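Observations on the three-dimensional arrangement
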Amino acid sequence: MESKDRKILFNEVAAPGCFRLGLEWRSAEVTPGQFVMVRVSDGLDPLLRRPFGVYGVHGGRGKNPLKGNVVELLYKVVGKGTRILSARERNESVNVLGPLGNGFPEAGKDEKVIMVGGGMGIVPFLMLAKKLGDGLLLYGARGKSEAALAKDFKGTACRVKVSTVDGSVGAKGLVTELLEREITKDSVVYACGPVGMLKAATKVAAAAGVRCHVSLERSMACGIGVCLGCAVRAKTHGERENRNYMMVCSEGPVFDSEDIDWELL
Ligand SMILES: Cc1cc2nc3c(=O)[nH]c(=O)nc-3n(C[C@H](O)[C@H](O)[C@H](O)COP(=O)(O)OP(=O)(O)OC[C@H]3O[C@@H](n4cnc5c(N)ncnc54)[C@H](O)[C@@H]3O)c2cc1C
Ligand code: FES
């Protein structure tokens, strides 16, 4: 993990209100699910870095999809920091800390991976799909333009099923309803997206008796386990006995869904 100025290679519209940011990065190696903290401005406002998952790593010499010279982020403009970032131009630099966090664990030999992404929750799964060489992505998009991001998975061997609440693209309804239809006894579920979706995915996986790992989002100030601002309440059982809180930045962002106290999230 390092903190460095990274040259912007591209910062272009991917969908309305959503951008792809390419950063020069000599020999990056990233585990799917890891994230970076970006200082979006050279000045003091905003002071805090903003966290973003890694969408892709490109330009490596070999065929390893997790290594390369360009780190790509995919971000939605939701407030001041992301608005400032969207105005940054090619050849400028931004200071970036990372890669940070743990990433998704390996699936068992006989487990079939189902990735469940809601909105920007699709981000960690492009690298994971490339790494796995197969798998199923269930993508809950907000509408047609967001659903178009699914075409990024065309170069992978991963099957993709899209759902939208209004049925304008793919299946009509919630992505967790798709999960209920697709899940089997040999599935393992990896989920990333809004908390409501993660809770529902956890319930569906528990009902099917399979493992579920979720990537959590919290507001983050430091990204390295120092400020304690990203704490979530842990369930006190198993390995985490006697632990009340877990830090999303340094112990996550990916957790076994059984370790989280969902009532307090
Ligand atoms: C580990 C991690 C990975 C992330 N990966 C991505 C990613 O790949 N792409 C992406 O677009 N976003 C991602 N996010 C969310 C992203 O960090 C926030 O959208 C961003 O920090 C908002 O900054 P802002 O200054 O534009 O908005 P602010 O002005 O800080 O907030 C604007 C609005 O967005 C809400 N908001 C702020 N941060 C979050 C958050 N973390 N989760 C939900 N709502 C939030 C605020 O409550 C507020 O309503 C990630 C967050 C985490 C913790
Ligand atoms: S963001 Fe500071 S401890 Fe996690």
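For clarity, every value in this text was computed on a predicted model and none was experimentally measured. Every residue gets a number counted from 1 within its own chain, in the order that chain's sequence is written. Written order decides the labels, with chains lettered from A and ligands numbered from 1. Where local features are concerned, this predicted model is filtered to residues with pLDDT of at least 70; where side-chain atom pairs are given and counted, the filter is 80 or more; whole-chain, interface and lining totals use all residues. Each side-chain value is worked out from all heavy atoms of the structure, with water and hydrogens disregarded.

**Focus: a nonpolar patch on the surface**
How we decide: Residues qualify for a patch when their relative accessible area is over 30% and they have no salt bridge, like charges being joined within 9 Å and the nonpolar side chains of Val, Leu, Ile, Met, Phe, Trp and Tyr within 5 Å. For the area figures, the Shrake-Rupley method with a 1.4 Å probe applies, and any residue is considered shielded solely by the protein chains shown. Each salt bridge in this description consists of a side-chain nitrogen of Lys or Arg and a carboxyl oxygen of Asp or Glu lying within 4 Å of one another. Only runs of H or I of at least four residues qualify as helices and only runs of E of at least two qualify as strands under DSSP, and these elements are numbered from the N terminus.
A grouping of M1, I224 and V226 is seen on the molecular surface, where their side chains present a nonpolar patch of about 320 Å² in accessible area. Counting through the fold element by element, I224 comes out in the loop between β13 (212-215) and β14 (231-233).

**Remarks on the pairing of strand β2 (residues 18-29)**
Stated formally: Being paired, for any two strands, means DSSP has found at least two bridges between them.
With six bridges connecting them, strand β1 (residues 2-15) and β2 associate as antiparallel partners. Within β2, the position partnered with A15 by the bridge is C18. With antiparallel pairing between neighbouring strands as the criterion, β1 and β2 make up a hairpin whose turn holds two residues, including G17 at a positive phi of roughly 75°. Bridge analysis of β2 against strand β6 (residues 67-76) gives nine bridges, and the strand direction is antiparallel. The residue bridging F19 from the neighbouring strand is Y75, located in β6.

**Let's talk about the site of ligand 1**
As a reminder, the rule being used: For this purpose, a residue is taken to be near a molecule or strand whenever a single non-hydrogen atom of the residue falls within 4 Å of it. N or O atoms within 3.5 Å of each other form a polar contact, as long as, within protein, one can give a hydrogen and the other can take it, and as long as residues adjacent in sequence are counted only when both atoms are side-chain atoms. We call Asp, Glu, Lys and Arg charged. Ala, Val, Leu, Ile, Met, Phe, Trp, Tyr, Cys and Pro are nonpolar, and the rest, Gly among them, are polar. The source of the domain bounds is an automatic or database domain assignment.
The environment of ligand 1 is made up of 18 residues, and the closest members are R50, P51, K76, G81 and T82. Contacts to ligand 1 include K76, whose backbone N or O atom sits 2.8 Å from an oxygen atom. Measuring from an oxygen atom of ligand 1, one finds a side-chain N or O atom of T82 at 2.4 Å. At four residues, strand β4 (residues 50-53) tops the list of elements feeding residues into the shell around ligand 1. Considering only residue class, the shell around ligand 1 consists of nine nonpolar, four polar and five charged. In terms of domain composition, the shell around ligand 1 takes at least three residues from each of domain 1 (2-100) and domain 2 (112-264).

**Here's the deal with the environment of G121**
Just so we agree on the cut-off: Relative accessible area decides the class of each residue, using a 1.4 Å probe on protein chains only: under 20% of the type maximum gives buried, over 50% gives exposed, and in between gives partly exposed. In this analysis, two residues are considered to be in contact whenever any of their non-hydrogen atoms come within 4.5 Å of each other.
Looking at the secondary structure, you find G121 in the loop between β8 (112-118) and α2 (123-132). Taking the relative accessible area as the measure of exposure, G121 reaches 3% and is therefore buried. Sequence separation between G121 and G53 is 68 residues, and the spatial gap between their C-alpha atoms is 9.0 Å. If sequence neighbours within four positions are ignored, G121 has contacts with C192 and G193.

**A word on the sheet that holds β4**
For clarity, the threshold we go by: Throughout, an axis means a line fitted to C-alpha atoms (over the contacting stretch in the case of helices), and angles, computed between N-to-C directions, take values from 0 to 180 degrees.
The seven strands lie next to each other as β4-β3-β7-β1-β2-β6-β5, forming an open sheet whose pairing is antiparallel. The strands lining the two open edges of the sheet, one partner per strand, are β4 and β5 (56-58). Each neighbouring strand pair of the sheet contributes to a mean axis angle of 40°, computed without reference to strand direction.

**With respect to the domain arrangement of the protein**
Threshold: Two parts lose some accessible area (1.4 Å probe) when they are put together, and adding that loss for both gives the buried area.
Segmenting the protein into domains produces domain 1 (2-100) and domain 2 (112-264). When each unit is reduced to the centre of its C-alpha atoms, the spacing between domain 1 and domain 2 is 21 Å. At the interface, 26 residues of domain 1 touch 22 residues of domain 2. When domain 1 packs against domain 2, the two sides together hide about 2000 Å² of surface, and 70% of this comes from carbon and sulfur. Interface area lost by domain 1 to domain 2 is led by P32, Y55 and K76, which between them contribute 29%. The interface formed by domain 1 and domain 2 contains two salt bridges. For the salt bridge of R20 with D152, the shortest nitrogen-to-oxygen distance reads 3.1 Å. The tally of links from domain 1 across to domain 2 stands at three residue pairs in polar contact (both at pLDDT 80 or more). For the side of domain 1 that touches domain 2, the elements supplying multiple residues, two or more each, are β1, β2, β3 (35-39), β4, β5, β6 and β7 (93-100). Residues that form the side of domain 1 that touches domain 2 fall into these classes: 19 nonpolar, four polar and three charged.

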